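Descriptive analysis of the structure
Single-letter residue listing:
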Amino acid sequence: MEAIDLLKSRRSVLVKNLTSPGPDEEDLQQILEVGLRVPDHGKIGPWRIQVITPKGQKTLGDLAAKIFTNKYGERATEKQIEAERQRPQRAPVLLIVTSDIQSPHKIPELEQRLSGGAVCMNILNAAHALGYSAQWVTEWLSFDTEIKAALGHQDQTDIIGMIYIGTAVEPPQPRTRPHLDEIVSEWAGPKPQIKHLVRATVILRVC
């Protein structure tokens, strides 16, 4: 497949529709290498990637179930608790991408954040190029301080992507995309200002 056709055919697959096999060590290495091929003004690398091992996924799931139970108490059903326990374990591979903004810095914070988003997008494209499917989500785990601490992150660190990678249970259906003419416009410079002319009415009297 031509590279442009490959990019045009990529789409996300819901985590619930991902299964084994996932990327082996060699494929995962390639996915991670592609993930880093992003614009990074100032060469500051304001992002990090964690590979959550199967053991780590289970540990993270147990912690998620504990936090959920503590938060909702008796209102939390066994089914809900188990769903939270399985949340980080739903696909063969789980990557966590974090954004560590360096501030103050000559590179604007927005550019640093966007660079991290580009890492996530490159990972999705690389997984697709190798024949896998993936989904980029955040969910509540990304914003929980206890989860962050367990993963070794400070409060100011943002988890910007939990990327699940595996094989689609079935080929994903095409998704409707917006038409280009709805979101793309051309600009050739500011429009000239139109001066409003005051027209004087001339009354001609015929003598």
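Going by the structure above, here's the rest.
What comes next is a walk through the structure.

The rules behind each value
- Residues numbered from 1 in each chain as written.
- Predicted model: local features only at pLDDT ≥ 70, side-chain atom pairs only at ≥ 80, totals over all residues.
- Heavy atoms only, no water.
- Helix = DSSP H or I, 4+ residues; strand = E, 2+ residues; numbered from the N terminus.
- Rg over C-alpha atoms; globule rule 2.2 N^0.38 Å.
- Buried < 20%, exposed > 50% of the residue type's maximum accessible area, 1.4 Å probe, protein only.
- Contact = heavy atoms within 4.5 Å.
- Areas by Shrake-Rupley, 256 points an atom, 1.4 Å probe, with all protein chains shown as cover.
- Lys, Arg positive; Asp, Glu negative; His and termini not counted.
- Charge placed at Lys NZ, Arg CZ, Asp CG, Glu CD.
- Axes fitted to C-alpha atoms, helices over the stretch in contact; angles between N-to-C directions.
- Left-handed = near helix turned anticlockwise from the far one by under 90°.
- Phe/Tyr/Trp six-rings, centres within 6.5 Å; stacked < 30°, edge-to-face > 60°.
- Lys NZ or Arg CZ within 6 Å of the ring centre and 35° of its normal.
- Polar contact = N/O pair within 3.5 Å; in protein donor to acceptor, adjacent residues only side chain to side chain.
- Pairing = 2+ DSSP bridges.

Overview of the overall build of the chain
Each helix and strand counted, the chain has seven helices and five strands in total. Reading the secondary structure of the chain in the N-to-C direction produces α-β-α-β-α-α-β-α-β-α-β-α. Computed over the C-alpha atoms, the radius of gyration of the chain is 25 Å, more than 25% above the 17 Å expected from 2.2 N^0.38 for a compact globule of 207 residues. Overall, the C-alpha framework of the chain stretches about 105 × 45 × 40 Å when taken along its three principal axes. Looking at the chain as a whole, 35% of its 207 residues qualify as buried. Pairs at least 24 apart in sequence give 79% of the contacts found in the chain among residues at least 6 apart. With the model as given, the accessible surface of the chain reaches about 14,600 Å², and the carbon-plus-sulfur share is 54%. Seen as two clouds, the 25 positive and the 25 negative side-chain charges of the chain have centres 9 Å apart.

Notes on the packing of helix α3 (residues 54-72) against helix α4 (residues 78-86)
In the contact formed by α3 and α4, the axes pass within 6 Å of each other and the chain directions differ by 145°. With respect to the hand of their crossing, α3 and α4 are arranged in right-handed fashion. Along the contact surface, α3 presents Gly61, Asp62, Ala64, Ala65, Phe68 and Thr69, while α4 presents Gln80, Ile81, Glu84 and Arg85.

Here we look at the packing of aromatic side chains
Here the distance between the centres and the angle between the planes together describe a pair of aromatic rings. Scanning all chains against the criterion turns up one aromatic pair. Look at Phe68 and Tyr72: their rings are 4.8 Å apart centre to centre, the planes differ by 45°, and that puts the pair in the tilted class. Of this pair, Phe68 and Tyr72 both sit in helix α3, four residues apart, roughly one helical turn. Residue Tyr72 is classed as partly exposed on the basis of its relative accessible area of 31%. Residue placement shows Arg90 over the ring face of Tyr164; its charged tip is 4.9 Å from the ring centre.

Some thoughts on the side chain of His153
In this fold, His153 is placed in the loop between α6 (145-150) and β5 (158-168). A polar contact of 2.8 Å, which involves the side chain of His153, links it to the side chain of Gln50. Sequence-distant contacts of His153, that is, excluding residues within four places in its chain, are made with Gln50, Thr98 and Lys148.

A word on the pairing of β5
Consecutive side chains of a regular strand alternate in pointing toward one face of the sheet and then the other. When you tally the buried positions in β5, you get nine out of 11 residues, the bulk of the element. One ladder, built from seven bridges, connects strand β3 (residues 93-99) with β5; its direction is antiparallel. Pairing of Val93 across the sheet is with Ile165, part of β5. Relative to β5, strand β4 (residues 133-137) runs antiparallel, the two sharing five bridges. By the bridge assignment, Ala134 is partnered in β5 with Ile165.

A look at unusual backbone geometry
In this structure, the amide linkage connecting Ser20 to the following residue, Pro21, adopts the cis form with an omega of 5°. Relative to the elements of secondary structure, Pro21 occurs in the loop between β1 (18-19) and α2 (25-35). Residues Ser103 and Pro104 are joined by a peptide bond in cis, for which omega reads 0°. When you line up the elements, Pro104 lands in the loop between β3 and α5 (109-129). Unusually for a residue other than glycine, Lys43 sits at a positive phi of about 50°. Looking at the secondary structure, you find Lys43 in the loop between α2 and β2 (47-52). A relative accessible area of 79% means that Lys43 is categorised as exposed. At Glu139, a position not held by glycine, the phi torsion is positive, near 65°.

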